[in-house]
Number of protein chains: 2
Amino acid sequence: MKKAKLVPVRNIVIEDKFWGKFQKLVKEEVLEYQWKAMNDQIEGAEKSHCLANFRIAAGEEEGDFYGAAFQDSDLAKWIEAAAYISSIQPNEGLKQKIDEAVTLIEKTQQPDGYFNTYFILKAPDEKFQNLCEGHELYTLGHMIEAAVACYEVLGDKRLLRVVCKMADLVYDTFGDAENKRYGVPGHQEIELALVKLYEVTGKKEYLELAKYFIDARGQKDYFRQELEKNEGRRIFPEFYDYRPEYSQSHLPVREQKTAEGHAVRAVYMYSAMADLAYEYQDEELFLACGRLWNNIVKKRMYITGGIGSSGILERFTTDYDLPNAYNYAETCASVGLALFGRRMTQITRNAQYYDVVERALYNTVLAGMAMDGKSFFYVNPLEVWPPSCIERTSKEHVKSIRQKWFSVACCPSNIARTLGSLGQYIYCAEGSTVYVNIYIGNEAEIPLDKGHISVHMQSQMPWRGHVVLEVQENSGAESLALRIPEYALNYQITINDKACDFNEENGYAIVKNIESGQQIIIDYEMLPQYVYANPNVREDEGKVCMMYGPLVYALEEQDNQENLQSYYIKTDVAPEKIWSEDLFGGSYVLQAEAKRIQNGSWKGEELYSTFKPKYEDTKITAIPYAFWCNRVPGEMLVWIKEWMQ
Amino acid sequence: MKKAKLVPVRNIVIEDKFWGKFQKLVKEEVLEYQWKAMNDQIEGAEKSHCLANFRIAAGEEEGDFYGAAFQDSDLAKWIEAAAYISSIQPNEGLKQKIDEAVTLIEKTQQPDGYFNTYFILKAPDEKFQNLCEGHELYTLGHMIEAAVACYEVLGDKRLLRVVCKMADLVYDTFGDAENKRYGVPGHQEIELALVKLYEVTGKKEYLELAKYFIDARGQKDYFRQELEKNEGRRIFPEFYDYRPEYSQSHLPVREQKTAEGHAVRAVYMYSAMADLAYEYQDEELFLACGRLWNNIVKKRMYITGGIGSSGILERFTTDYDLPNAYNYAETCASVGLALFGRRMTQITRNAQYYDVVERALYNTVLAGMAMDGKSFFYVNPLEVWPPSCIERTSKEHVKSIRQKWFSVACCPSNIARTLGSLGQYIYCAEGSTVYVNIYIGNEAEIPLDKGHISVHMQSQMPWRGHVVLEVQENSGAESLALRIPEYALNYQITINDKACDFNEENGYAIVKNIESGQQIIIDYEMLPQYVYANPNVREDEGKVCMMYGPLVYALEEQDNQENLQSYYIKTDVAPEKIWSEDLFGGSYVLQAEAKRIQNGSWKGEELYSTFKPKYEDTKITAIPYAFWCNRVPGEMLVWIKEWMQ
């Protein structure tokens, strides 16, 4: 088993018309906004108290802990995002805030290495005693990722020292050895973080600990025993009847065949499983990764790359159960799916996983944040009729507009750190081959086993399949593997304006004989398309979704009339793409021929009648799903009925 | 305001091919089964402990209370059902059980009149202190209804004495007078029961008390204050964030314009409002009834007569929000809707309400019980795909097969008492006019203001619109008002084989000059029909429902192929009705021309693809919704896609 290496974030500068503006938004607006939110300075937003918790635990302020047991992780993800975004361009203000945050964290660390404001302030006697609910390993995982980002991008080792000390404590506490005890995280995350920590520090213990957490999982009915023991000290009332599937601890991970339970926990764990499968050359573990991946993408994933069909417990349900109007599809789960897919491509060097990574990034992850960076979706439905999205109903988790902040605020900072480290999605390299996985314009220096290659990529994605790669300097790359996306209808590659030879392999076009000074152009056709769902997805039968390249399109009430369910697409005519300079900073909208129930064609006020409504010809206009709810709030619809004829 | 009087249950003997078998089932199977269930003698059923609670409270047995706060009401409804069913034919075994139950209840009554096993055994200091959750007034309401049934049918006054004593205590406790306190029931029911108690005893105080409960409701934010006071003694964890809408106490009832909150609470209350509007000639109150009725039947009711769109809190949501696969539509709520509709017809002498009463009775109420009387639906979805109806998901309340019993077992006994007192739905009389509201074969003696009329009715409903009414004796009726159902396409009435003159008025054909010895025949055509929903119901757009007379039809997997969502009805061809002697004791099934996604026409295992599925011609077979899930469990579907052309 080989694994193509990622390129460090600091080696890549995004220069992309589409994605660049989101990174800029993170840098200029989002991080500042989230810093304020964590300091409770956003009017009308849910209370966070995140930094206050740290100040209290650091002895700088009086007060009580407030928030979720994993409130600290908001700051961790913020630091991670801020560190990554600093690689674009140093930013003194941001650096000061990172310093302030790290100093605070340092001050909360106890002599044995432990730090976690919830347990220090609220439940000091329960450290590591409530792994099921406590989230302290999850929180440490995010702290580790933040520390790695600070070290890699800023060269700052302070947070790394802090997290290593607690990671050492965790290593000394949990394991198979006689002086250690059984334990696995109630919410996976630390496993993949420990692999990163190992990569950065070279300390094998961290890898061992990650492996222990993965191997030990599902070997005992540990969480339920713990919950029984902790009866009456329940953090999450909804855990009253805990099932181990929720945290993927129902079976040893190698025996798991279907994606079960809480979707975010699942994909974070599968990512770590892929990491460890490579590190330990563990084919059995990697087979499990492949099975779980296939179960998700062939049976349990929305066309938007969303996962988690159930509003209750934010979880996977069963094959082909993909309701559109009352699903969960948490933004974080799509972040995790992208992390998992990236690892699958790194290990297999097969481009197919990136079709899913793109679905997640271009649709659900982007939709998770408003275009001003100041409000967020946690839940990502594919169909919204706002009057029905009300509290105390089966749709109570579905919000028809983005929220300023959340009592559980995992998603906003997860979007920020994903956009901040977007460069990591572009390339990976193995031997003398550089894999180009997603066409986001950038300038990069890619280290290879021997030598390196510097490239400059210009991309017109997602609006046009036209990518220009300039090889600026090459002292080691022999081949470039250029991903051919599933939606590329035909393509050609030229080097210095001449058609070039290439092999197609695992979804890549492999171009050889790479030399400095070459200009490589990839051109592929993208057409607006009607996409169908497997008929086993009962929810989507008789419906189509409009896509253009990786973008899923959606109807909004604003561009059409109210009652989007009354529209039927006439799929005998292809949708037309129309450029709109004014919309969303420049975007294609899609227009299609349609039928619609004629206004006023229903007789009277009757609820039911033998009277058949009349239909009229009309047109519909769809916008990228990623951008919905950025204008006037209203109805939204991804899967549109097809006019049968 | 006038009100047509009901005919006492004891005066009506059902002799009907269709309904008779359900009454027989109640008499021969259901009551015995439910008695066993309440005695925990049904293997594999949810524990009830209902009678044990009484034995413990009566001092006959040791033990603790078990069950819901309103567990006593199961016995009350059982007694009511058993008493009503005894009017068909005396039944010694049943009478003994009723006696046993009443004796037990008597023994639990305390000197001040109070009885309720939950509070006596579990919370003796909290009597009348937790009206929001405690259900003691609700439970007393059902006891009153049981007592009235025992008295009216069996002439047995024992239970009546018991309930009067507690009703007197309630009267002395709650009210506007200085020596009384504010209070309204957390779950309405006692209001309509008190009106019955007044009718039987003539004691005006009971009517006053009902009026007080209705008038006082929504005048204060009482329940939330009570819950705050009772903090930590919460009976229902889901009341942690109680909203007064839940129990229709958000506004004085006269100001309520839309049906809100828990559907069963709502319709029980509206029924009492109608009763009191008549008793006090309160036009304002009756206007509120009309508004609430219209809101339900024009905007918030399923085609099956189900109400309550939300799985969470079993409640009404918003206009036109009628999801089919994850709704609630509790069986009890349809019982209550029928009770409300019957009262509206009694007061207005307008037949239109009975089109809704029939929807509820013929569809949801009947579907609530298996054809062997031994399992029950609480929730009544209009679309079921069994693999997706799983615990800990947004569909966790939806069961794809009937259950043997429930931890909250309100529905089974509610069906039993409704079928037991079915006679009350047939006639009502005002002045010298007898209204015939639903064509269920029977023999009845109908008392009038002056004299009475004896009739014998034979009906072929719901299979054929052919009703023969023989006037056996008449000493007071001048007119018969024969309801013309909304589905009757054309009709004729003959008297002694000669066409007769009649006026049409408020949905009735009014036949005059009624004499002994007349044979009146009503014939009307019923055709299988495609019914559409108002296009504001987004869920049902592009779909049709098949109906025949009052019966809603549904596809079941057994008669078709799996994946019912893959079918499209070709509505240019009318559905054909085919008699099946073997099915459900004789039933029409409906067959229609259809298209279907061709098996195997989807390429490979992909979840999403630009490949368009192929369709093939086929037929579909539908059975009455009332009878679904009586054979092999599987998928079920009421609203079927229409093939557009």
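In the annotation of an unreviewed UniProt entry, chain A is listed under the name Glycoside hydrolase family 127 protein and assigned to Muricomes intestini.

Trainee: Looking at this structure, I do not really get the interface of chain B and chain A. What am I missing?
Mentor: The parts lose accessible area when they come together, and the size of an interface is often stated as this lost area. Taken residue by residue, the interface counts 71 residues in chain B and 71 residues in chain A. In total, chain B and chain A occlude about 6,000 Å² of area from one another, counting both sides; carbon and sulfur atoms represent 57% of this. Where chain B packs against chain A, one counts eight salt bridges. Aspartate 241 of chain A is paired through a salt bridge with arginine 392 of chain B; the nearest N and O atoms lie 2.5 Å apart. Seen at the junction of chain B and chain A, the total is 32 residue pairs in polar contact (both at pLDDT 80 or more). Residue assignment for the side of chain B that touches chain A shows that the elements contributing at least two residues are helix H13 (283-299), strand S15 (529-533), strand S21 (608-609) and strand S24 (640-642) of chain B.

Trainee: It is not clear to me how the relation of the copies chain B and chain A should be interpreted in this structure. Could you clarify?
Mentor: Between the two copies of this chain, the relationship is a rotation about some axis together with a displacement along it. Screw-axis analysis of chain B against chain A gives a translation of 0.0 Å along the axis, an RMSD of 0.0 Å, and a rotation angle of 180 degrees. The transformation relating the two chain copies, once decomposed into turn and shift, fits a two-fold axis. Of the interface residues in chain B, 100% have counterparts in chain A that sit at the interface too, so the contact is made through matching surfaces.

Trainee: When you look at the sheet that holds strand S13 (residues 508-511) of chain A in this model, what are you seeing that I'm missing?
Mentor: Two orientations exist for strands paired in a sheet by backbone hydrogen bonds: parallel and antiparallel. Residues and elements named next belong to chain A. Taken in spatial order, the six strands of this open sheet run S1-S4-S5-S9-S13-S12, and their pairing is mixed. What marks the edges here is a single partner per strand, and that holds for strand S1 (5-6) and strand S12 (503-505). Judged from the four bridges that link them, strand S9 (residues 479-483) and S13 form a sheet pairing that is antiparallel. Considered in S13, the bridge of leucine 480 is made with valine 511.

Trainee: Which parts of the structure should I look at to understand the environment of glutamine 529 of chain B?
Mentor: Within the fold, glutamine 529 of chain B resides in strand S15. For glutamine 529 of chain B, a relative accessible area of 22% translates into the label partly exposed. Taking the C-alpha atoms as reference points, glutamine 529 of chain B and phenylalanine 22 of chain B, 507 residues apart in sequence, are found 26 Å from one another. Leaving out residues up to four positions away in the same chain, glutamine 529 of chain B has contacts with Thr610 of chain A together with Leu489, Cys545, Met546, Met547 and Pro575 of chain B.

Trainee: Sorry, what's going on with the UniProt feature "domain: Non-reducing end beta-L-arabinofuranosidase-like GH127 middle" (unreviewed entry) in chain A here?
Mentor: Feature annotation in UniProt assigns "domain: Non-reducing end beta-L-arabinofuranosidase-like GH127 middle" (unreviewed entry) to the following positions: residues 433-526 of chain A. Secondary structure content for residues 433-526 of chain A is 0% helix and 56% strand, and the end C-alpha separation is 27 Å.

Trainee: In this structure, what is going on with helix H4 (residues 92-108) of chain B? I would like to understand it.
Mentor: Within an α-helix, residues lying three or four positions from one another point in the same direction, as the helix has 3.6 residues per turn. Residue and element names in this part refer to chain B. A rise of 1.5 Å per residue sets the reference length of H4, with its 17 residues, at 24 Å; its end C-alpha atoms lie 25 Å apart and thus fit the reference within 8%. Among all positions in H4, only Leu94, Lys97, Ile98, Ala101, Val102, Leu104, Ile105 and Thr108 are buried. Across the axial projection of H4, the buried residues extend over an arc of 160 degrees, all falling on one side. Residues of H4 that are exposed and angled more than 90 degrees away from the buried face: Glu92 and Gln96. On its buried face, H4 sits against helix H1 (17-38), helix H2 (50-57), helix H3 (72-86), helix H5 (117-122), helix H7 (136-154) and helix H8 (158-173). For H4, the capping residue at the N-terminal end is asparagine 91, with a side-chain oxygen 3.1 Å from the backbone nitrogen of glycine 93.

Trainee: Whenever I open this one, the environment of leucine 382 of chain A confuses me. Can you help?
Mentor: All names here are of chain A. Along the chain, leucine 382 falls in the loop between helix H15 (352-367) and strand S3 (383-384). A relative accessible area of 0% means that leucine 382 is categorised as buried. Measuring from C-alpha to C-alpha, the distance between leucine 382 and methionine 636 comes to 7.4 Å, with 254 residues separating the pair along the chain. If near-sequence neighbours (up to four positions away) are discounted, leucine 382 is found in contact with Tyr302, Ile303, Thr304, Asn324, Asn327, Met636, Leu637, Val638 and Trp639.

Trainee: It is not clear to me how the domain arrangement of chain A should be interpreted in this structure. Could you clarify?
Mentor: Residue and element names in this part refer to chain A. As far as domains go, chain A holds domain 1 (5-424), domain 2 (426-524) and domain 3 (529-642). The straight-line distance from the C-alpha centre of domain 1 to that of domain 3 is 34 Å. Contacts between the two partners involve 30 residues from domain 1 and, on the opposite side, 28 residues from domain 3. By the criterion of area lost to domain 3, the three top residues of domain 1 are Ile303, Tyr320 and Met371, representing 24% of everything that side buries. Here domain 1 is connected to domain 3 by zero salt bridges. The tally of links from domain 1 across to domain 3 stands at eleven residue pairs in polar contact (both at pLDDT 80 or more). Those elements that place two or more of their residues in the side of domain 1 that touches domain 3 are helix H1 (19-38), H15 and S3. Counting residues per element, the side of domain 1 that touches domain 3 draws most heavily on H15, which supplies seven residues.

Rules and cut-offs
- Residues numbered from 1 in each chain as written.
- Chains lettered and ligands numbered in written order.
- Predicted model: local features only at pLDDT ≥ 70, side-chain atom pairs only at ≥ 80, totals over all residues.
- Heavy atoms only, no water.
- Contact = heavy atoms within 4.5 Å.
- Buried area = accessible area lost by both parts, 1.4 Å probe.
- Salt bridge = Lys/Arg side-chain N within 4 Å of Asp/Glu carboxyl O.
- Polar contact = N/O pair within 3.5 Å; in protein donor to acceptor, adjacent residues only side chain to side chain.
- Helix = DSSP H or I, 4+ residues; strand = E, 2+ residues; numbered from the N terminus.
- Least-squares fit on C-alpha atoms with pLDDT ≥ 70 in both.
- Pairing = 2+ DSSP bridges.
- Buried < 20%, exposed > 50% of the residue type's maximum accessible area, 1.4 Å probe, protein only.
- UniProt positions renumbered as here; feature names shortened; annotations may be inferred.
- Expected span 1.5 Å × (residues − 1).
- Arc of directions from axis to C-beta.
- Domains from an automatic or database assignment.

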